[in-house]
Amino acid sequence: MKNILKTILACTIAGTMMMASSNAMAGDKVGSFGIGDKTFLLNGKPFVIKAAEVHYPRIPREYWEHRIKMCKALGMNTLCIYIFWNIHEQQEGVFNFTDNNDIRHFVKLAQKNGMYVIVRPGPYVCAEWEMGGLPWWLLKKKDIKLREQDPYFMERLEIFEKKVGEQLGDLTIEKGGPIIMVQVENEYGSYGEDKPYISAVRDIIRKSGFDKVELFQCDWSSNFTKNGLDDLTWTMNFGTGANIDNEFKKLSQLRPNSPKMCSEFWSGWFDKWGGRHETRGAQAMVDGIRAMLDRGISFSLYMTHGGTNWGHWAGANSPGFAPDVTSYDYDAPINEAGQTTDKYFELREMMAKYNDGKKLPAVPKEFPTISIPTVEFKQVAPLYDNLPTPIESTNTKSFEELNQGWGCVLYRTTISQNINSESVLKITEAHDYAQIFVNKKFIGKIDRINRENSIILPALKEGDVLDIYVEALGRINFGRAIKDFKGITEKVELSYNLKNNSKVNIDLKGWQIYCLPDDYKSQTEMKYVAINEQNKNCRGNYRATFKLSKVGDTFINMEKFGKGQVYVNGHAIGRFWEIGPQQTLYMPGCWLKKGENEIIVQDVLGPKEASVEGLQEPIIDKLNLKGPQTHRLDGQNLDLSGEKPAHSGSLKAGNGWQEVKFDKPVSGRYVCLEALNSHWNREYCCIAEIYLLNENGERLSREPWSIAYADDEDVQSGNKNGDKIFDLQESTYWSTNKGVKFPHSIIIDMNQDQTITGFQILPRMEEGAPESIKDYRIYVKSAPFKM
Ligand code: GLA
């Protein structure tokens, strides 16, 4: 009975909402948008926001309107956009709101197409975007506190938001524009607890021209109370499959009359270099949205169309360093190239039922794709023939100290003595991919992704030239690590043992620093020569032209090249890396020309063969890794016999965080969690997040963590490897493979001994927390476990 009543109520609410939403279309008349009793009010009537998240800088301006129409044909009534500070103010005080940065034009196009707009002007946006949208030049003030009330940060933020206000302030609904809501900061709960800062950002946004429009905050259901301001609307972010009632439980308790909105309902997920392409099933997405519509809950589908991280704009995730790929396909309903997918049609079919009986607009025609026959490169500008005039410096300098935002830097020093044995070269720290050469001969690499920081050098002679060629990848966009300096961030040391075994440690000084920024001008100004037998695979820039009789979208296959960036007709179209999963780069037809086109490939590793071709289909899920993606090496078998558990117990069933306190503190570096079984005897074992607690019962930093072992990891159906238990994302999780029997074990390496008094654990977010652990044992040791 209770259920029937619930259904009737849900249908009534949904019905009312449908009526309101169908009549509502963004026109250019003055309107109103506000908060009513458990609902948003548009022009005084209940309104359900059906928003599509799309990001203007990830779509060529020429295609903006097409993508907007695609969203509309899905049944969406609103577009949700971030404003990316760092693309608009690439140099301090120099602003650009033109061309692909013309946010005013984008918002007006939305209005022209009858769509409302939600604006999320940051300052921080996360979004898998370089430094979460913050400009790198903020880091020139080395001790800056980002996303806090640091006077310089706040001063720059205020200046920027004022510029945003100049573009969009008169486009809010009560002034006749389509903007119905504006967001204050972004998921601050996963960064810190600082209401005075959030209040200051709110005041700046208000002052910038968003004086009357509705303001809101978005966070996770587990942490939104930390920074929730009394006068702002609170919305929740969560992904497909999440238990929706659970996600809004706390909000309903605290604010029973608040409208509900999932401000980011994740349709898919982002990809990192060296990991499988992420996918999420269509069914869970469609069911989730249907469930929200049935309850009158507003949503924004993140992403409805992901697009592309052109040039160097992809960010990186942390803890650790996990740079994102160029494609931001996101497994979204509209794919990277703006094409429909099965997911698109499944969603559209369902959304059509929530359109007040009216037909959805027709799906716009896709842009044609073309293939381009093999283009052979005939010209190369070798790295070593193209070093600019160096900067002389006693110490190494970071990119920021060199006033360089992106690209590469080559650091050179001369060895001042003979070292007759091998030595260890240690870089503190190389951000992000360093290649080491002695007298221009390649010795090896130090890759931040793998937490590498040293390399063995052969015997050296006085006068030998040591080069460290550092390529920066995207700055971290998540967590405290967003303060991500590039290049060599501190120092370089060389150490070796004398015959009597005493250790010598030399702090290397006297550097020549060659700056190699990655702008198009620098790429064209290099000295290109004909490719020959000697230079055909060298590190450097490769240039070619190719003729087209018709243009169209295409996917440039980079499989023959190593690692670097591509420029076509002056457009930086993104990074490539042979390790994958992305092997092709999306090339929009609107940036190609009939007749002659130019392509420049900057390859920091050197190609196997200098040629590319244009494909009609993308390759975004092809890994080329030397080692396995999993943490268990061949032949490894964890042996816990003889180990004494530090603690054992049982976890409760159901969603949400649980905390366990040990009887007495334990110390060690390696923590092994052994799961003995799961609730309801399910076949596999999953953990979304885990924290270890220190002497004061507080969470230990997970920055230095890595996974030393996991007996089993599902990397077939997605990226469900052990790292997911500390990736700061509650919606992603470690999972073993179906059918692999309990017990399951995972070992965290904390990188140093720590005292632990307990742990906090989060199972999966789906209803009933599927595959959650029941009985477990914990082992803690200073030495590695026996395998
Ligand atoms: C969070 C952020 C978004 C994005 C998603 C993951 O919700 O707010 O900007 O980073 O995670 O794609």
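Computed from a prediction, not measured in an experiment: that's the story for all the values here.

Q: Got a minute to help me understand the environment of L640 in this structure?
A: Within the fold, L640 resides in the loop between β33 (611-615) and β34 (647-650). Counting along the chain gives 605 residues from L640 to I35, while the straight-line C-alpha distance between them is 57 Å. Aside from chain neighbours lying at most four places away, what touches L640 is C672, E674, Y779 and F785.

Q: I tried to follow the state of the cysteines on my own but got confused; where do I start?
A: A covalent bond between the sulfur atoms of two cysteines is what we call a disulfide. Within the structure shown, the criterion is met by zero disulfides. C218 supplies the cysteine sulfur nearest to C80, a cysteine that is in no disulfide, at a spacing of 8.4 Å. Sulfur of C672: no disulfide; nearest cysteine sulfur belongs to C685 and is 11 Å away.

Q: Just to check I follow, could you spell out the site of the ligand for this structure?
A: Lining the immediate surroundings of the ligand are 15 residues, of which Y82, E128, E187, E264 and Y330 lie closest. Side-chain polar atom of N186 to an oxygen atom of the ligand: 2.9 Å apart, as the coordinates give it. Separating an oxygen atom of the ligand from a side-chain N or O atom of E187 is a distance of 2.7 Å. Using a 2 Å cut-off from the grid points, one finds that the ligand occupies the largest cavity. Looking at the shell around the ligand residue by residue, the class counts come to 10 nonpolar, two polar and three charged.

Q: I would appreciate a short explanation of the packing of helix α2 (residues 64-73) against helix α4 (residues 103-112) in the present structure.
A: The description of two packed helices rests on the angle between their axes and on the distance between the axes. The N-to-C vectors of α2 and α4 enclose an angle of 40 degrees; their axes lie 10 Å apart at closest approach. Between α2 and α4, the crossing angle belongs to the class labelled oblique. Handedness of the α2/α4 crossing: right-handed. Taken together, the residues of α4 that come into contact with α2 (itself represented by W64, E65 and I68) are H105, F106, L109, A110 and K112. Looking at the contact of α2 with α4 residue by residue, the classes come out as five nonpolar, one polar and two charged.

Reading guide: rules and limits
- Residues numbered from 1 in each chain as written.
- Predicted model: local features only at pLDDT ≥ 70, side-chain atom pairs only at ≥ 80, totals over all residues.
- Heavy atoms only, no water.
- Helix = DSSP H or I, 4+ residues; strand = E, 2+ residues; numbered from the N terminus.
- Contact = heavy atoms within 4.5 Å.
- Disulfide = S-S within 2.5 Å.
- Near = heavy atom within 4 Å.
- Polar contact = N/O pair within 3.5 Å; in protein donor to acceptor, adjacent residues only side chain to side chain.
- 1 Å grid on protein atoms, 1.4 Å probe; cavity = no way out; pocket = protein on both sides within 12 Å on 5 of 7 lines; lining within 4 Å.
- Sits in = over half its atoms within 2 Å of the grid points.
- Nonpolar A, V, L, I, M, F, W, Y, C, P; charged D, E, K, R; others polar.
- Axes fitted to C-alpha atoms, helices over the stretch in contact; angles between N-to-C directions.
- Parallel < 35°, antiparallel > 145°, perpendicular 65-115°, else oblique.
- Left-handed = near helix turned anticlockwise from the far one by under 90°.

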